[in-house]
Amino acid sequence: MFLRLLLLICELFLIVSPSRPIEGNTMTLTCKTQPPPQKLDAKLQFLFYKDGRALGPALDSLPEFRIPVVRKEDSGSYWCQAKITSIKAKLSRRVQIEVHRVPIGNVSLEIQPPGGHLIEGEKLVLVCLVTEGTGDITFFWFRGARGLSLKMKTQHSLMATFEIPAVRESDSDQYYCAADNGYGPSFSELVSITVRIPVSRPVLTLRAPAAQLVVGHIVELHCEAQRGSPPILYQFYHEDGALGNSSAPFGGGVSFNLSLTAEDSGNYYCEANNGQVAQRSEVVPLNITVPMEDRNEVLTSGVIELVLGILAPTTLALLFCCWLKRKIGRRPAKDAVRSIPSPVPQESTYFNSQAPEQLHFDYENVNIVSGDEVYSLVYCVQQEQPSAAEEPLGTHPGDKDSSAIYSRLKKADLTDMDYDDVM
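First, a word on what this report is: a plain description of the structure on this page. (Residues numbered from 1 in each chain as written. Predicted model: local features only at pLDDT ≥ 70, side-chain atom pairs only at ≥ 80, totals over all residues. Heavy atoms only, no water.)

In total, this model carries 10 aromatic pairs according to the counting rule given. Here the aromatic rings of Phe48 and Phe65 are separated by 6.1 Å at their centres, their planes lie at 35°, and the arrangement is tilted. Here Phe65 lies in strand E5 (residues 64–67) and Phe48 lies in strand E3 (residues 45–50), a separation of 17 residues in the sequence. Note on Phe236 and Phe256: the rings are 5.6 Å apart at their centroids and 25° apart in plane angle, and the pair reads as stacked. In this pair, Phe236 sits in strand E21 (residues 232–238) while Phe256 sits in strand E23 (residues 253–259), placing the two residues 20 residues apart along the sequence. For Phe236, a relative accessible area of 1% translates into the label buried. (Phe/Tyr/Trp six-rings, centres within 6.5 Å; stacked < 30°, edge-to-face > 60°. Helix = DSSP H or I, 4+ residues; strand = E, 2+ residues; numbered from the N terminus. Buried < 20%, exposed > 50% of the residue type's maximum accessible area, 1.4 Å probe, protein only.)

Among the structural elements, Ser255 can be located in strand E23. Note on Ser255: relative accessible area 35%, which makes it partly exposed. The sequence separation of Ser255 and Glu220 amounts to 35 residues, and the corresponding C-alpha distance is 6.4 Å. What Ser255 contacts, discounting residues up to four positions off in sequence, is Glu220, Leu221, His222 and Phe236. Within polar-contact distance, the side chain of Ser255 engages the side chain of Glu220 at 2.6 Å. Polar contacts involving the side chain of Ser255 include one to the side chain of His222, which spans 2.9 Å. (Contact = heavy atoms within 4.5 Å. Polar contact = N/O pair within 3.5 Å; in protein donor to acceptor, adjacent residues only side chain to side chain.)

Each strand in a sheet pairs with its neighbour through backbone hydrogen bonds, running either in the same direction (parallel) or in the opposite one (antiparallel). Pairing in this open sheet of 3 strands is antiparallel, and the strands run E9-E11-E14 from one edge to the other. Only two strands of the sheet have a single partner each, and these edge strands are strand E9 (105–112) and strand E14 (159–164). Recorded for the sheet is a direction-independent mean angle of 15° between the axes of neighbouring strands. (Pairing = 2+ DSSP bridges. Axes fitted to C-alpha atoms, helices over the stretch in contact; angles between N-to-C directions.)

Moving on, we come to the pairing of E3. A large share of E3 lies buried, amounting to 5 of its 6 residues. The pairing of E3 with strand E6 (residues 76–83) spans 6 bridges and is classified as antiparallel. By the bridge assignment for E6, Phe46 is matched with Ala82. For E3 and strand E4 (residues 53–54), the ladder comprises 2 bridges, and the chain directions are antiparallel. Paired with Lys50 across the two strands is Arg53, which belongs to E4. Taken together, E3 and the strand that follows it, E4, pair antiparallel across an intervening segment of 2 residues, in which Asp51 is found at a positive phi of about 50°.

The omega torsion of the bond from Ser17 to Pro18 falls at 0°, within 30 degrees of zero and hence cis. Counting through the fold element by element, Pro18 comes out in the loop between strand E1 (11–17) and strand E2 (27–34). Cis geometry is adopted by the peptide bond preceding Pro231, which originates at Pro230 and carries an omega value of -5°. By the secondary structure assignment, Pro231 is in the loop between strand E20 (218–224) and E21. At Asp51, a residue that is not glycine, the phi angle is positive and equals roughly 50°. You will see that Glu239, though not glycine, has its phi angle at about 55°, which is positive. Within the element layout of this structure, Glu239 appears in the loop between E21 and strand E22 (241–248).

With antiparallel pairing, the 3 strands of this open sheet are ordered in space as E1-E2-E5. If you trace the sheet from one side to the other, it starts and ends with E1 and E5, each paired once. Ignoring which end each strand starts from, the neighbouring axes of this sheet average 15° apart. Pairing analysis gives 7 bridges linking E1 to E2, with the strands arranged antiparallel. The residue of E2 that forms the bridge with Glu11 is Gln34.

And the structure:
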């Protein structure tokens, strides 16, 4: 019975799908009988082989065997077997299967952090990427134009990384990578990496011609940072005021010459900056000996400035007050206050008197001084009665002995007086 069924299976075929399998895709093997199993009055069992090795653990009623992701290593000689009993079986013809690999394409190198500018001590990650390619890919990393090999790594992936945990300034260079899956390496473009060293704290040195500095000496201020990638920009300061700056394109320090004046005493410092972090030096004091005459000049000028600063506003205020007072006290010409004319002194009328002495009073009004007061000046003259022979007529009695008495009177309402009549 079983022998008759086996004879009924005229032919057994192994069919591969797709006929040209690509690495990374799915490949299906089908064991096909002629005539088909449904026309046979028996249940068949199938088993698949590759290079003499069974692909499955045991017989299966399904006439198919599927490889989800076929690899280059899956290439080889395949056939299948159909069984009705454990003793009798029929084999298909052998089929040679070649799994085709996709060549590498579009290799690129990316860096982290992006931009290619790093500070010494940071971690650098070089990422090699491919967009096409199947199978195990071997990645290579190179440095410089000569292609110094840094690392090689093989993995079943389209991406691989290479890390430098802490970069140094000497790591600044051009880098590239390559990938190969059996068809030859494909290379990425060059990527530049720049590693910079932040400047260290600079040191400010004062180079003087003598231990005791005086006005007119030339002092050299030298600022230098021991470490730091060039170019380095140096800035000099006196107290908090900037004196000037200078650049060191190839590293090292710079100098700034200062011609000393009396005002240059104080604290000095400098600052270094190469685009990373600015660093400031310690403060260095500078003391200048000023000669006594220069001190006096400085003191005198300072006192003059102080006096002028105080008196100028005061003088302006006084001038303004005088101007305002004159403007308020100004009257029309016809009402202008005139000084009361002094009366002509009168001669004494006691020449023929028998009294030994006579008093003679002369009055004279003094101009208005201030406020509402008027001063009256009174001359008191003591006279002896001269004889006609001793003293000629016409002599002023005040020539003998006189005294002046001032009397303060309440000012009259000058506006009610007509001084034109008095004059």
